[in-house]
Amino acid sequence: MHAILKDPALWSLILFVVPLLFRFPIAIALGGAALAVSWFWGLGYQMISYNFFAGIAKFPLLAIPFFILAGIIMEKAGIAERIIRLIKELVGSVTGGLAIATVGVATFWGAVSGSGPATVAALGLILIPGMAIAGYDKAFAAAVVSVASGLAIVIPPSIAFIVYGVVTETSVSALFAAGVIPGIVVAIFMMIFVYFISKKHGYRGAPRGGKVVLIRAFKESFWGLLTPIIILGGIYGGVFTPTEAAAVAVFYGLFVGVFVYKTITIKIMFEILSSTVISTAVVMIVVTCAGLYSWVGATVGLIDKAAALLLGLSDNPLIILLLINVILLFAGMILDAISIYYVFLPILVPIMAHFGWDPIWFGVIMTVNLAIGQVTPPVAVNLYVGANISNLTMEQISKPAFPLIFASILALLVLMLFPSLSTFLPKAFGLY
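Quantities reported herein were computed from a predicted structural model and do not represent experimental measurements. (Residues numbered from 1 in each chain as written. Predicted model: local features only at pLDDT ≥ 70, side-chain atom pairs only at ≥ 80, totals over all residues. Heavy atoms only, no water.)

## As for the overall build of the protein chain
Rules: Under the DSSP-based scheme used, a helix requires at least four consecutive residues in state H or I and a strand at least two consecutive residues in state E, with every element numbered from the N terminus. Here the globule rule is a power law, 2.2 Å times the number of residues to the power 0.38, and the radius of gyration is based on C-alpha atoms. Exposure categories follow from relative accessible area, calculated using a 1.4 Å probe and restricted to protein chains: below 20% of the type maximum is buried, above 50% is exposed, and the middle band is partly exposed. Two residues qualify as a contact provided that any one of their heavy atoms is within 4.5 Å of a heavy atom in the partner residue.
Each helix and strand counted, the protein chain has 21 helices and zero strands in total. Taken over the C-alpha trace, the protein chain has a radius of gyration of 22 Å; the compact-globule value for 432 residues is 22 Å, and the two agree within 12%. In terms of overall dimensions, the protein chain has C-alpha extents of about 75 × 45 × 45 Å along its principal axes. For the protein chain, the residues scored as buried account for 54% of the 432 residues in total. A sequence separation of at least 24 residues applies to 80% of the contacts in the protein chain between residues at least 6 apart.

Laid out in structure tokens, this is it:
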């Protein structure tokens, strides 16, 4: 017992979990645990500064601030508003049409912002009041926007895939391609549930404005609709890397906002840069502290012990996979996706190798799981943003969110059972 209490692996876990229970920021919990264990067990604290720098000095991670900047530019340029106007004209007064279209728009916007909360913020301000005016329950409208926006980390370009690719040394381009079909599968499952819920409650949209209004809406949204085509087409066509694509997205967004829609002024540009710096700083401090924790965990044997414990539970790969997904689902209710990648992936990589799982397929499964975690209480980031926008409480929007969360879990099971849904496009494009 005395030897166990002196085990640095145990203390690295305790010093990480206890601060979380007291609601410390995740970066402080991770970094504090790493610093304490490296100091008290003489792991060479002089290496901390080097590891801190090495954690972010990676070329693929450069895409993160660029995609954050691009997403904010697209929002401020008014692209989301124009796309929503087009969708409203397309669906008209079809039963559940506006809610189904909301799922589709959130899926599309994921190919622009790459962030769940950012997608809720960009779309919710327009869609939630619009659905409420059209007769939809406001809590249901907020739930649809919040849950569907979780797709933003699955549909490429995705910050989550970039981090996964860096940690596992997997092709980010292949991961981007792998996320397309699974993202659509999850969206379809949600659309089916949304339709039946809307049919039950008699939710309908507003009548169409006519052919002239539809054509005008299409013309106004045309430049926005080109965004994912340019970004993803360039990546899969081999024109540029994901990191270069992020920079292209920034300049394209600026071109549309400044010269086409003329909505971005010098004042708005300062607001965009300020928001980008804050968001990037938050992401990068988590990345560096999580990287430190992973290094300490590997050094003291925490990762090996945790992997051995999981492998010792069963020899059946399906049982282990289900267990991993349950663990990740609960982790996603408490931690952010980036932290989970850095904390859990070092444990899961040897398990992937043991069972011969495809890292691209597993990356998709893990990311979809974490997308579900973003909208599952108690720490549901997307739901919090949706609640703030709609002036509702978490309890009010959680109830209508649960059927959509269940739909997402069913989609996750389908993706687990059929790996080819994730690997088809990367293989078709020759990305791995």
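## Things to note about the pattern of salt bridges
What counts is decided by this rule: The salt bridge criterion pairs a side-chain nitrogen of Lys or Arg with a carboxyl oxygen of Asp or Glu, the two atoms within 4 Å.
Scanning all chains against the criterion turns up one salt bridge. Here Glu 271 ties to Lys 76 by a salt bridge, and the two come within 4.0 Å at their closest N and O atoms. One end of the pair, Glu 271, is in helix α14 (residues 266-300); the other, Lys 76, is in helix α5 (residues 63-77), and 195 residues separate them in sequence. When its relative accessible area of 34% is taken as the criterion, Lys 76 is described as partly exposed.

## A closer look at the packing of aromatic side chains
Where we set the bar: Pairing of aromatic rings covers Phe, Tyr and Trp, the last through its six-membered ring, and needs centres within 6.5 Å; plane angles under 30 degrees mean stacked, over 60 mean edge-to-face, and all others mean tilted. Note on geometry: a ring has a charge over it if NZ (lysine) or CZ (arginine) is within 6 Å of the ring centre and within 35 degrees of the ring normal.
Throughout the structure, instances matching the rule amount to 15 aromatic pairs. Their ring planes at 5° and their centres at 6.5 Å tell us that Tyr 136 and Phe 140 sit as a pair that is stacked. A relative accessible area of 4% means that Tyr 136 is categorised as buried. Judged by relative accessible area, which is 3%, Phe 140 ranks as buried. Through a chain of ring-to-ring contacts, three or more aromatic side chains come together here, namely Phe 218, Phe 222, Trp 223, Phe 255 and Phe 259. Its end group placed over the ring of Tyr 261, Arg 82 keeps NZ or CZ at 3.9 Å from the ring centre.

## Side note on unusual backbone geometry
In this structure, Lys 262 is a non-glycine residue whose phi angle is positive, near 55°. Secondary-structure assignment places Lys 262 in the loop between α13 (242-260) and α14. Positive phi, close to 60°, is recorded for Asn 391, a residue that is not glycine.

## Topic: the nonpolar core
The criterion, for reference: Only buried residues count toward a nonpolar core, which is a set of Ala, Val, Leu, Ile, Met, Phe, Trp, Tyr and Cys residues joined through side-chain atoms within 4.5 Å.
Counting 152 residues, the largest nonpolar core has Trp 357, Phe 362 and Met 366 as its most contacted members. Not counting residues within four places of it along the chain, the set of residues in contact with Met 366 comprises Tyr 164, Leu 328, Ile 340, Tyr 341, Phe 344, Leu 345 and Leu 348.

## Brief notes about α5
Condition: Helix span is expected to be 1.5 Å times the residue number reduced by one.
Here α5 is 15 residues long and its end C-alpha atoms lie 20 Å apart, about the 21 Å a rise of 1.5 Å per residue gives. Most of α5 sits inside the fold, with eleven of its 15 residues counted as buried. All buried positions along α5 are accounted for by Ala 63, Ile 64, Phe 67, Ile 68, Leu 69, Ala 70, Gly 71, Ile 72, Ile 73, Met 74 and Ala 77. The positive-phi residue at the C-terminal boundary of α5 is Gly 78, with phi of around 90°.

## Structural notes on the packing of helix α16 (residues 317-332) against helix α17 (residues 337-355)
Rules: Axes here refer to lines fitted to C-alpha atoms; in helices the fit is confined to the stretch in contact. Angles between the N-to-C directions go from 0 to 180 degrees. Oblique is the label for every angle not falling under 35 degrees (roughly parallel), over 145 degrees (roughly antiparallel), or within 65 to 115 degrees (roughly perpendicular). Each residue is assigned to one of three groups, with Ala, Val, Leu, Ile, Met, Phe, Trp, Tyr, Cys and Pro labelled nonpolar, Asp, Glu, Lys and Arg labelled charged, and all others, Gly among them, labelled polar.
Packing of α16 against α17 brings their axes to within 12 Å, and their N-to-C directions diverge by 175°. Classified by the interaxial angle, the pair formed by α16 and α17 is roughly antiparallel. Listed contacts from α17 to Pro 317, Ile 320, Ile 324, Ile 327, Leu 328, Ala 331 and Gly 332 of α16 are Ile 340, Phe 344, Leu 348, Ile 351 and Phe 355. Looking at the contact of α16 with α17, its residues break down into eleven nonpolar, one polar and no charged.

## Looking at the environment of Val 375
Assignment of secondary structure puts Val 375 in the loop between α18 (359-373) and α19 (381-390). Owing to a relative accessible area of 2%, Val 375 belongs among the buried residues under this scheme. Between the C-alpha atom of Val 375 and that of Gly 332, which follows or precedes it by 43 residues, the distance is 8.8 Å. Contacts of Val 375, omitting those with residues within four sequence positions, involve Ser 146, Val 147, Ala 380, Asn 382, Leu 383 and Ile 405.

## What to know about α16
The condition is simple: For the purposes of these results, a polar contact is taken to be a pair of N or O atoms within 3.5 Å, where, inside protein, one atom must be able to donate a hydrogen and its partner to accept one; residues adjacent in sequence count only when each atom of the pair is a side-chain atom.
An ideal rise of 1.5 Å per residue puts 22 Å on 16 residues; α16 measures up with 22 Å between its terminal C-alpha atoms. Restricting attention to buried positions, one finds in α16 the residues Ile 320, Leu 321, Ile 324, Asn 325, Leu 328, Leu 329, Ala 331 and Gly 332. Sitting at the head of α16, Asn 316 places a side-chain oxygen 2.9 Å from the backbone nitrogen of Leu 318.

## Observations concerning the environment of Ile 268
The topology assignment puts Ile 268 in helix α14. Once the C-alpha coordinates of Ile 268 and Leu 322 are considered, the two residues, 54 residues apart in sequence, prove to be 47 Å apart. In this structure, Ile 268 is in contact with Lys 76 and Thr 263, ignoring residues within four places of it in sequence.

## Thoughts on a nonpolar patch on the surface
So the rule is basically this: Patch membership requires over 30% relative accessible area and the absence of a salt bridge. Like charges are linked within 9 Å, and nonpolar side chains (Val, Leu, Ile, Met, Phe, Trp, Tyr) within 5 Å. Note on areas: Shrake-Rupley with a 1.4 Å probe; residue coverage comes only from the protein chains shown.
Together, Leu 13, Val 17, Val 18, Leu 21, Phe 22, Phe 24 and Ile 28 give the surface a local cluster of nonpolar side chains, amounting to about 690 Å² of exposed area. Ranked by residues supplied to the nonpolar patch, first place goes to helix α2 (residues 8-21) with four residues. With respect to the element layout, Phe 24 can be found in the loop between α2 and α3 (26-40).

## Let's talk about the side chain of Arg 82
You can see Arg 82 is positioned in helix α6 (residues 79-91). Owing to a relative accessible area of 16%, Arg 82 belongs among the buried residues under this scheme. Within the local environment of Arg 82, its side chain forms a polar contact with the backbone oxygen of Gly 78, the two atoms lying 3.1 Å apart. Ignoring sequence-local partners within four residues, the contact set of Arg 82 consists of Ala 77, Ala 217, Glu 220, Ser 221, Tyr 261 and Thr 263.

## Examining the environment of Met 191
By secondary structure assignment, the location of Met 191 is in helix α11 (residues 172-201). Overall, the relative accessible area of 24% leaves Met 191 in the partly exposed class. Sequence separation between Met 191 and Ala 148 is 43 residues; the distance between their C-alpha atoms is 9.4 Å. Beyond its immediate chain neighbours, meaning those up to four positions away, Met 191 contacts Ile 100, Val 103 and Gly 104.

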